[in-house]
Structures are given as C-alpha cells and as structure tokens.
Amino acid sequence: MSRDDKLLERNRPVYNLKAVVKETGIKPPTLRAWERRYGFPNPSRTEGGHRQYSQSDIEALQWLSARQDDGVSISHAIDLWRSRAEAAEGSAAANGLSAAAEPAPLPPLPSGEHVQLDELGQEWMAACLAFDGRAAEGVLARAFALFPPEVVCVQLLQNGLAEIGQAWHRGEATLQQEHFASALSVQRLEILIASAAPPWRLETIIIATAEGDFHTFGALLFTFLLRRQGWRIIYLGASVPAQQLEATIERLQPQLVILTSQLLRTAAALKEVAELLQRLGVKLAFGGAAFSWMEEPQRYIPGHFLGHSLEGGVQLIRSLLDQPADTALPTIPVRSLSEALKAYNENRAFVEVTVRAAFVTSGKPMNQLASINRDFGEAIAAALTLGDIKLLGSDMDRIGALLAAFGWPGALLREYLVDYHQAARIHLGDSAKIIVAWLSGILSD
C-alpha cells in the first residue's frame, strides 16, 4: 500500500459514535459540545444523519484527551492541534508530498511563548544545581500546565540537561549536580510514559541503550515521543547485551530496533548488536552523543543514524516503518584494526602497571588512577573495535572532565598521557603501533 493509499484509508469515515467513545473514552455530550463550540471534530454524516469518524479523527481526539490530562485547556489544545496539522501540510506541500493526517512530533509554540519557556528552563536548572527537587518539580508542574508535554520534555528537560552537562565539562558544575538533574528528568519521563494512551499503530519498536550504557534519558525520550505518536514501544532499559536482545527479537518480531549510546566504548558494543540485527534482517536506528563527533556514523555502525535532532529522528523512523524491507547498507570498509586490538588486549595490563609505577616514582596523585586507566583503556579498545583510532580524540574532553571531577589538576592529563605513551612503547609490539603513533600525535599537538 502506497503512502497516499494509507492516508486515504486513515481519513475514510467508517467509525460510528459508539466506536469513537470506546476508543477515546470521551463521552458523547463532550464530543458534541466540542463540535458545536470549536468545529472539531468535524465528522461526516450518513444519509440518516448519523456521525461517522475516521481513524485520523480518533487519533486527534486521543491526542486532545491526553493534552487535557496534562492540564491544557481544550480550546488551547485544539489550537495547537490545528497549528501542528497546518505545519505538517505546509511541509508536505513544500516537498511535493501528500499532507500527513498526523501532526509533527513537536507542536510549534505561539509567538512570545519561547521566552516564557526559556525562563522556566533557567529556573529549573537553577533548582537542579541547588539540589532542590521540590522547586524543580514545581517548575515542571507549571511548564506542563502551559505547554504540551513534548515541548517541555525536549525544550526544557533535554536542553536543560545538555546545558548542565556542558557546565560540568567546563568545570562549572559537579558530576553530582548533573546526575541529580538526570535522575529528576528520567523520573518525569517514566511517569509520562506510564500514563500515555494505548498504542493504536500496528508496528512494534524495541528501544534500549547499548550494553554498558546507563544513560537512559535519550532512549526514554524517544520512547515517550513515539508512544505519543501511537506506536507500540517495548522499552528494555539500560545496558542490553546482544545475546539477550536476540531472544527478545525472535519472540516479539519487531519492525524496528532503536539503540542509543552516549560513550565511545558503548558505541563499540552497539556495533556488535547492529551486526547481529543485520544478520537477522531487522532494521536498526541508532543515535546518541557517542556519534556527535562522527561525520559519517554509518561508516562504523550498519544501520540508520537518527541524526542530531529529535524531529529528524522521528521522521526517519516513520520512513523506515513505511519501507517494506531494510535498506541499511553495510558499513564502509575501513582498514581492519583487529590485530592491533588483539595485541592491546593482551598487553593492556602491563601498560597500566607501568603507568602506575611511573606515578608512584614521580609522586603524582594516585587517587582514581585505576578508574582512569580502566576508562581510557576501554576507550582505546572501542576505537579499535570501530576501526578508527582517531575516534579516540573525541573522548578526551570527557576524560579530562572526569579527571577534574576527581580533583586532578589540569596539567596532569598531559603527564598521564606521557606516561601512557612510554608504557605503550615498551609493551605494545608492531601490531599495535597505531596506538603509540596516535599518542605521539596528540602529545605533539
């Protein structure tokens, strides 16, 4: 069935009032009052004068009902729906497509309300940085009463977390403040997901984070946005191993799997799952901060990159579900670094012991050295697994921020790399000389 055929089917008036009440939970007097006062919905009529509704009407009514549950007045909710529908029609016309009967994932804000939402965002961040959970929840309650939940989750929670994360990287916020804000945001998303309307689309989507990745906000945000769009979402949570995911896929037969990764080392774990899904013929969409530094993420992961915006990601998911078969291309061949990875894994412990000895001899601070060795070693192994040692450079800012959080002076990172370089020259053979060369290059820069 073509896209236009699907739209025609969704707009066909085939449901009577009783069916609509059953699907939406909205009582007949309320439906008639909305129709009389706001001209919405606008059902067709049979020859006998009975109302007939389409699947699009039902989806619109479910969306409006959910907005009321969020504290939005019905008049404002209907205005938002119409604005979203007009935006979708305009986008479709600009691209030579039939207008979608559903709105864009993020409704546009009326003029002037961006400032109000930005102010609420600043107030929420200040409460989080002060570890004041009650104040932060109070800000969110006001925001959800004024704006649609999709807007609050993306423009307040997601953007606020990003700003706090950047403040941590700059040394202007602590790791504990970042974790506190993340925990509040995750808790709010879980509540919103639990209260979302039942799915009305047929496709099943599995969402999880890559093995070893416990940053769930991005995966939960996609879960919430797609649930609001009506898809059946099976959220598996954080750190899902490839072996366990295979059994779940065989049981659920999903049309799409979405995986997120925030760290370089978990992107390498995601690659293993991607290769499994490719063998199984299951579509994969992936995203997360781990790929923000990669110009062509598909070079490393055989799947569909969600991009750098939620709107673009949701649109990609729609198009993937419209396709009858997966069109993911295999990764672009890169020079195999498997021999370097093998040599590094075999000698990594010797390198780390030598680094530790250098720290002891020179009297450098030993606090958290084992953690840094482990973190840096996992990043090296991940870059080799993905097939590009240059990816390691994208992880250095995060490692530097970790060192600052551990109380290391800024210059100590360079000293650590100097010691690591010397240890690598001693213990890594020709097979892993690419690591020594990379360390030489970064020290020169």
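The rules we used
Residues numbered from 1 in each chain as written. Predicted model: local features only at pLDDT ≥ 70, side-chain atom pairs only at ≥ 80, totals over all residues. Heavy atoms only, no water. Helix = DSSP H or I, 4+ residues; strand = E, 2+ residues; numbered from the N terminus. Buried < 20%, exposed > 50% of the residue type's maximum accessible area, 1.4 Å probe, protein only. Areas by Shrake-Rupley, 256 points an atom, 1.4 Å probe, with all protein chains shown as cover. Axes fitted to C-alpha atoms, helices over the stretch in contact; angles between N-to-C directions. Parallel < 35°, antiparallel > 145°, perpendicular 65-115°, else oblique. Left-handed = near helix turned anticlockwise from the far one by under 90°. Contact = heavy atoms within 4.5 Å. Nonpolar A, V, L, I, M, F, W, Y, C, P; charged D, E, K, R; others polar. Core = buried A, V, L, I, M, F, W, Y, C linked by side-chain atoms within 4.5 Å. Phe/Tyr/Trp six-rings, centres within 6.5 Å; stacked < 30°, edge-to-face > 60°. Lys NZ or Arg CZ within 6 Å of the ring centre and 35° of its normal. Pairing = 2+ DSSP bridges. Expected span 1.5 Å × (residues − 1). Polar contact = N/O pair within 3.5 Å; in protein donor to acceptor, adjacent residues only side chain to side chain. pLDDT = per-residue confidence, 0-100. Bend = angle between axes of the 7 residues up to and from the residue. Salt bridge = Lys/Arg side-chain N within 4 Å of Asp/Glu carboxyl O.

Draft legend 1. The arrangement of the overall build of the chain in detail. Across its full length, the chain holds 18 helices and seven strands. Taken over 445 residues, the chain has a buried fraction of 49%. Accessible surface, the chain: about 21100 Å² in total, of which carbon and sulfur atoms supply 51%.

Draft legend 2. The arrangement of the packing of helix H7 (residues 133-146) against helix H8 (residues 149-169) in detail. Here H7 crosses H8 at 135°, and the two axes come no closer than 8 Å. In terms of orientation, H7 and H8 fall into the oblique class. Here the hand of the crossing between H7 and H8 comes out right-handed. From H7, Leu140, Ala143 and Phe144 reach across to H8, where they touch Pro149, Val152, Cys153, Leu156 and Leu157. For the contact of H7 with H8, the per-class residue count stands at eight nonpolar, no polar and no charged.

Draft legend 3. Spatial organisation of the nonpolar core. If you look at the biggest cluster of nonpolar residues, it comprises 69 residues, and the most contacted ones within it are Phe376, Leu384 and Tyr416. Ranked by residues supplied to this core, first place goes to helix H15 (residues 369-386) with 10 residues. Setting aside anything within four residues of it in sequence, one finds Tyr416 in contact with Val355, Phe359, Leu369, Ile372, Asn373, Phe376 and Trp408. Membership of the second largest hydrophobic core comes to 48 residues, among which are Val151, Val152, Val154 and Leu310.

Draft legend 4. Looking closely at unusual backbone geometry. Each neighbour pair has its own omega, and for Phe40 with Pro41 the value is 0°, a cis peptide bond. Examined against the element boundaries, Pro41 turns out to sit in the loop between helix H3 (28-38) and strand E1 (44-45). The phi torsion at Gln253 lies on the positive side, around 50°, for a residue other than glycine. Along the chain, Gln253 turns up in the loop between helix H11 (242-252) and strand E5 (256-260). Of the residues examined, Gln253 reaches a relative accessible area of 53% and is grouped as exposed.

Draft legend 5. Local environment of the packing of aromatic side chains. One pass over the full model with this rule turns up 10 aromatic pairs. Where Phe131 meets Phe180, the ring centres are 5.4 Å apart and the plane angle is 70°; that geometry is what we call edge-to-face. Taken together, the residues span a long stretch of sequence, with Phe131 in the loop between helix H6 (113-129) and H7 and Phe180 in helix H9 (residues 175-194) at a distance of 49 residues. Its relative accessible area of 22% is what places Phe180 among the partly exposed residues. Where Phe291 meets Phe305, the ring centres are 6.2 Å apart and the plane angle is 65°; that geometry is what we call edge-to-face. A residue pair is termed long-range when its members are at least 10 positions apart, and Phe291 in the loop between strand E6 (284-287) and strand E7 (304-305) and Phe305 in strand E7 qualify at 14 residues. By relative accessible area, Phe291 is classed as buried at 0%. Given the relative accessible area of 13%, Phe305 is considered buried. Among the aromatic side chains, those forming a connected cluster through ring pairs are Phe359, Phe376, Trp408, Tyr416 and Tyr420. In this structure, Arg201 packs its charged tip against the face of Trp231, placed 4.2 Å from the ring centre. The cationic tip of Lys364 hangs over the ring face of Phe359; the distance from NZ or CZ to the ring centre is 5.1 Å.

Draft legend 6. Examining the pairing of strand E3 (residues 204-210) more closely. Counting buried residues in E3 gives seven out of seven residues, a clear majority hidden from the surface. Pairing of E3 with strand E4 (residues 232-240) involves six bridges; the strand directions are parallel. By the bridge assignment for E4, Ala210 is matched with Val240. Strand direction decides the pairing type here: E3 and E5, joined by five bridges, are parallel.

Draft legend 7. Up close: helix H4 (residues 55-69). Look at H4: 21 Å from first C-alpha to last across 15 residues, which is about the 21 Å you get at 1.5 Å a residue. Counting buried residues in H4 gives 13 out of 15 residues, a clear majority hidden from the surface. At the N-terminal end of H4, a side-chain oxygen is found 3.3 Å from the backbone nitrogen of Ser56, two or three residues along, and the residue is Ser54.

Draft legend 8. Main features of the confidence of the model for the chain. Here the chain averages 85 in pLDDT, while 88% of its residues score no lower than 70. Contacts from residues 90-104, a stretch scored under 50 in pLDDT, to residues over four places away or in other chains number 29 contacts.

Draft legend 9. Spotlight on helix H14 (residues 338-362). Across its 25 residues, H14 extends 35 Å between first and last C-alpha, which sits within 8% of the 36 Å expected from 1.5 Å per residue. Taking the largest bend as the criterion, H14 deviates by roughly 55°, centred on Asn347. Residues of H14 that are buried include every one of Ala340, Leu341, Ala343, Tyr344, Asn347, Arg348, Val351, Glu352, Val355 and Phe359, and no others. Buried residues along H14 sit against H15, helix H17 (412-427) and helix H18 (433-444). Backbone geometry just downstream of H14 places Gly363 in the positive-phi region, at approximately 75°.

Draft legend 10. Layout of the pattern of salt bridges. Counting across every chain of the model gives 12 salt bridges. Residue Glu150 is joined to Arg228 by a salt bridge in which the shortest nitrogen-to-oxygen separation is 3.4 Å. Taken together, the residues Glu150 in helix H8 and Arg228 in helix H10 (residues 217-228) connect sequence positions 78 residues apart. The class for Arg228 is buried, based on a relative accessible area of 12%. The residue Arg398 makes a salt bridge to Asp395 at a minimum N-O spacing of 2.7 Å. Comparing Arg398 with Asp395 shows no difference in burial state: the two are buried. A single salt-bridge network, built from bridges that share partners, covers Arg265, Asp375, Glu378, Asp395 and Arg398.

Draft legend 11. Seen up close, the sheet that holds E7. Spatial strand order, E4-E3-E5-E6-E7: five strands in an open sheet with parallel pairing. Each edge of the sheet is formed by a strand with only one pairing partner; in this case those strands are E4 and E7. On top of the sheet, H10 reaches E3, E4 and E5; it is set at about 165° to E3, its chief contact.

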